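Given next are the chains, with one letter for each unit.
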Amino acid sequence: MRKFDTKVQYLKYKVLREVARQAWNGTLQEHLLDIPKTIIPGKVPTMRCCVYKERAIVGERVKLAMGGDKTNPNVIEVIDIACDECPMGGYEVTEACRGCLAHRCEDVCKRGAISFDMHQKAHIDKTKCVECGQCAKVCPYSAINNFMRPCQRACKVKAIDIGEESEAVIRNEKCIGCGACVYQCPFGAISDKSFILDAINLIKGSENSTKYRVFALVAPSISSQFTYAKLGQVISGIKALGFFTVIEAALGADMVAWAEARELTEKGFLTSSCCPAFVEYIKKNFPALEKDISHNLSPAATLAKYIKETTPDVKVVFIGPCTAKKAEAMRPEVKPYIDAVLTFEELQALFDSRDLEIMTMEEDVLDNASFYGRIFARSGGLSDAVKEALHEQGLDDFALKAVPCDGIEACRMALLKASKNVLGGNFIEGMACVGGCIGGAGCLTHGEKNKAEVDKYGEEAHEKTIADAISLLQQ
């Protein structure tokens, strides 16, 4: 088993690996119905009530691995039949209730949802309760707890409801595609659509003709992943898959930091455009601040655009930690530049679908960006890069007051203050995932050590300034 955080990730990986293997061989349609039996062999269930349900769920995972529901614009989907083991959740009275005489919980409830049994213990009528939480706030014994579903707790934009069959339902009008629910669902009932087949078809197409080449654009957070191999070996593995070359998206980060620094001095206030989930959050929840979003595309899109405009006959596949990147790649302003998006989970599946043992490969080189471009992968890195870009462009007179936001809750507080003109800063660095890109739902591993790996990776950059990195584009 590879270095995944959870067994849910491992199961998802196995499905992706098998779908990819059949796609490489050109036998996917022929063996489509056999994949669930390959993933769940034997007749003894290991995770569900029966092996048949396990295989039915795997069948739904196969559909997601092949692109999911084409009629649903969201890149995050719910596997309904897998979403039946969680309790309904909500506020419940626990055994800590002492049956007190004050009945503050009853007094504060405007819906009349609280009653008492013969022992004066409180009970909540779920048909009346609206989950306001006031009863929990006033209980002197903290006896009322909110047993929220993991997906709902993870979703900080309140995009998940409960359907008629007790399944999770994603409200597309609120969802920002961050994938927090994907990573936190303990049953793997919520997943991101995969475009692994698109990437495979692009590579196979480039091998069978001379019409185009396929470039891999890798996110700087790759430095914290694939811990069983060296980064240079990962790069060799990507090329062994059939990619013509591998370029750091961190070079796009250098380009964005350089441009955003100047844009900030011109406008006086700016929110970053690097995290697609953060940008989507502003548009859906703080539309009045949409005008303040940097006009720059994200680092990946910026560099992909440059590649497409300067290099003929190229297809670009972005590889990173982000599920929201899949949604970004479908937006009209980005679609011409990024042809497919893969997560690190999917890259691992691709390696193993071709039986590539990357830890045995020679180390290749990945060195296109500066220290500052590389540290975009973690929270605070963008702010540091903008500060450096101001300095390198002789704009030190501008007093940068950066507000790095580590996670969507921090983003919400900063944007709320900005909307009321009480922020006290002039640049909001928004990262939807806690920790930044190293906390993305498509990562193999998550943890504080990933930040140290990114900083170490940054220190190894040959190009020590942003200007030096950008100058490579003119060579």
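Residues numbered from 1 in each chain as written. Predicted model: local features only at pLDDT ≥ 70, side-chain atom pairs only at ≥ 80, totals over all residues. Heavy atoms only, no water.

Caption draft 1: Looking closely at the overall build of the protein chain. The helix and strand inventory of the protein chain stands at 20 helices and 15 strands. A globule of 475 residues ought to have a C-alpha radius of gyration of about 23 Å, and the protein chain, at 24 Å, matches this closely. Split into buried and exposed, the 475 residues of the protein chain put 54% on the buried side. A separation of at least 24 residues holds for 74% of the contacts in the protein chain among residues at least 6 apart in sequence. Taken as a whole, the protein chain presents about 21,600 Å² of accessible surface, with 52% of it coming from carbon and sulfur. (Helix = DSSP H or I, 4+ residues; strand = E, 2+ residues; numbered from the N terminus. Rg over C-alpha atoms; globule rule 2.2 N^0.38 Å. Buried < 20%, exposed > 50% of the residue type's maximum accessible area, 1.4 Å probe, protein only. Contact = heavy atoms within 4.5 Å. Areas by Shrake-Rupley, 256 points an atom, 1.4 Å probe, with all protein chains shown as cover.)

Caption draft 2: Molecular detail of unusual backbone geometry. Unlike most non-glycine residues, Gln 120 shows phi in positive territory, near 65°. Residue placement: Gln 120 occurs in the loop between β3 (114-116) and β4 (122-124). Judged by its relative accessible area of 31%, Gln 120 falls in the partly exposed class. At Phe 226, a residue that is not glycine, the phi angle is positive and equals roughly 50°. Tracing the backbone shows Phe 226 in the loop between β9 (213-218) and α10 (231-240).

Caption draft 3: Here's a closer look at the pattern of salt bridges. Under the definition given, this model contains 25 salt bridges. With its nearest N and O atoms 2.7 Å apart, the salt bridge here joins Asp 192 to Lys 326. One end of the pair, Asp 192, is in strand β8 (residues 190-192); the other, Lys 326, is in helix α14 (residues 324-328), with 134 residues separating them in the sequence. Considered together, Asp 192 and Lys 326 belong to a single accessibility category, that of buried residues. A salt bridge links Glu 328 to Lys 325; its shortest N-O distance comes to 3.1 Å. Remark: Lys 325 and Glu 328 occur in helix α14; sequence separation between them is 3 residues, near one turn of the helix. For Lys 325, a relative accessible area of 6% gives the class buried. (Salt bridge = Lys/Arg side-chain N within 4 Å of Asp/Glu carboxyl O.)

Caption draft 4: Representation of the sheet that holds strand β11 (residues 270-271) within the structure. Ordered by their spatial adjacency, 3 strands build an open sheet running β11-β15-β14, and the pairing between neighbours is parallel. Across the chains shown, the open sheet's two edge strands, defined by having one partner strand only, are β11 and β14 (402-406). Bridge count for β14 against strand β15 (residues 427-431) is 5 bridges, and the pairing is parallel. Bridged to Cys 405 within β15 is Gly 430. Contacts from helix α17 (residues 381-392) reach β14 and β15 within the one sheet, and its direction differs from that of β15 by about 145°. On the sheet, helix α18 (residues 408-419) packs against β11, β14 and β15 and is oriented at approximately 155° with respect to β15. (Pairing = 2+ DSSP bridges. Axes fitted to C-alpha atoms, helices over the stretch in contact; angles between N-to-C directions.)

Caption draft 5: Broad picture of the pairing of strand β13 (residues 340-343). The alternating pattern of β13 places Ala 340 and Leu 342 and Val 341 and Thr 343 on opposite faces, both of which are buried. Both strand β12 (residues 314-320) and β13 contribute to a ladder of 4 bridges, which runs parallel. Bridge pairing in β13 links Phe 318 to Val 341.

Caption draft 6: Looking closely at the environment of Gly 380. Relative to the helices and strands, Gly 380 resides in the loop between α16 (371-374) and α17. In sequence terms Gly 380 and Gly 436 are 56 residues apart; their C-alpha atoms lie 8.2 Å from each other. Excluding anything up to four places from it in sequence, Gly 380 contacts Pro 404 and Glu 429.

Caption draft 7: Fine view of α17. With 12 residues, α17 extends 16 Å from end C-alpha to end C-alpha; this agrees with the ideal 16 Å at 1.5 Å per step. For α17, every residue scored as buried is listed here: Gly 381, Leu 382, Ser 383, Ala 385, Val 386, Glu 388, Ala 389 and Leu 390. Along its buried surface, α17 packs onto α11 (249-267), α16, β14, β15 and α20 (466-471). Backbone geometry just after α17 places Gly 394 at a positive phi near 70°. (Expected span 1.5 Å × (residues − 1).)

Caption draft 8: Just the pairing of strand β10 (residues 245-248), in detail. Two elements, β9 and β10, share 4 bridges in a ladder whose sense is parallel. Bridging from a neighbouring strand, Phe 215 pairs with Thr 245 of β10. Handedness of the β9-α10-β10 crossover: right-handed. (Right-handed = clockwise from strand over helix to strand, strands pointing away.)

Caption draft 9: Examining the sheet that holds β13 more closely. Read from one edge to the other, the open sheet built from 4 strands follows the order β10-β9-β12-β13, with strand pairing classed as parallel. Edge positions in the sheet fall to β10 and β13, since each of these pairs with one other strand and no more. Along the sheet, successive strands turn relative to each other by an average axial angle of 30°, direction set aside. The sheet strands contacting helix α9 (residues 196-207) are β9, β12 and β13, and the helix crosses β13 at an angle near 120°. Packed onto the sheet, α10 meets β9, β10 and β12 and runs at close to 135° relative to β10.

Caption draft 10: Summary view of the nonpolar core. Ranked by size, the top nonpolar core spans 95 residues in total, and within it Ile 196, Leu 217, Ile 238, Val 317, Ile 319, Ile 338 and Phe 351 carry the most contacts. Broken down by element, this core gets its largest block of residues, 9 residues, from α11. With residues up to four places along the chain from it excluded, the contact list for Leu 217 reads Ile 247, Glu 248, Ala 249, Ala 300, Leu 303, Ala 304, Ile 307, Val 316, Val 317, Phe 318 and Ile 319. (Core = buried A, V, L, I, M, F, W, Y, C linked by side-chain atoms within 4.5 Å.)

Caption draft 11: Representation of the packing of aromatic side chains within the structure. Tallying each qualifying case throughout the model produces 6 aromatic pairs. Both rings, one in Phe 215 and one in Phe 244, keep their centres 5.9 Å apart while their planes meet at 10°; by these two values the pair is stacked. Separated by 29 residues along the polypeptide, Phe 215 in strand β9 and Phe 244 in the loop between α10 and β10 bring together distant segments of the chain. Their ring planes at 85° and their centres at 6.0 Å tell us that Phe 226 and Phe 344 sit as a pair that is edge-to-face. Remark: Phe 344 occurs in helix α15 (residues 344-353) and Phe 226 occurs in the loop between β9 and α10; sequence separation between them is 118 residues. Classification of Phe 226 as buried rests on a relative accessible area of 2%. Taking the relative accessible area as the measure of exposure, Phe 344 reaches 0% and is therefore buried. Here the aromatic residues Phe 226, Phe 344 and Phe 351 are joined through ring pairs into a cluster of three or more. Sitting over the face of the ring of Phe 244, Arg 213 holds its NZ or CZ atom 4.7 Å from the ring centroid. In this structure, Lys 325 is placed above the aromatic ring of Phe 318, and the distance from its NZ or CZ to the ring centre is 5.5 Å. (Phe/Tyr/Trp six-rings, centres within 6.5 Å; stacked < 30°, edge-to-face > 60°. Lys NZ or Arg CZ within 6 Å of the ring centre and 35° of its normal.)

Such coordinate-based values are descriptive only and should not be taken to indicate function.
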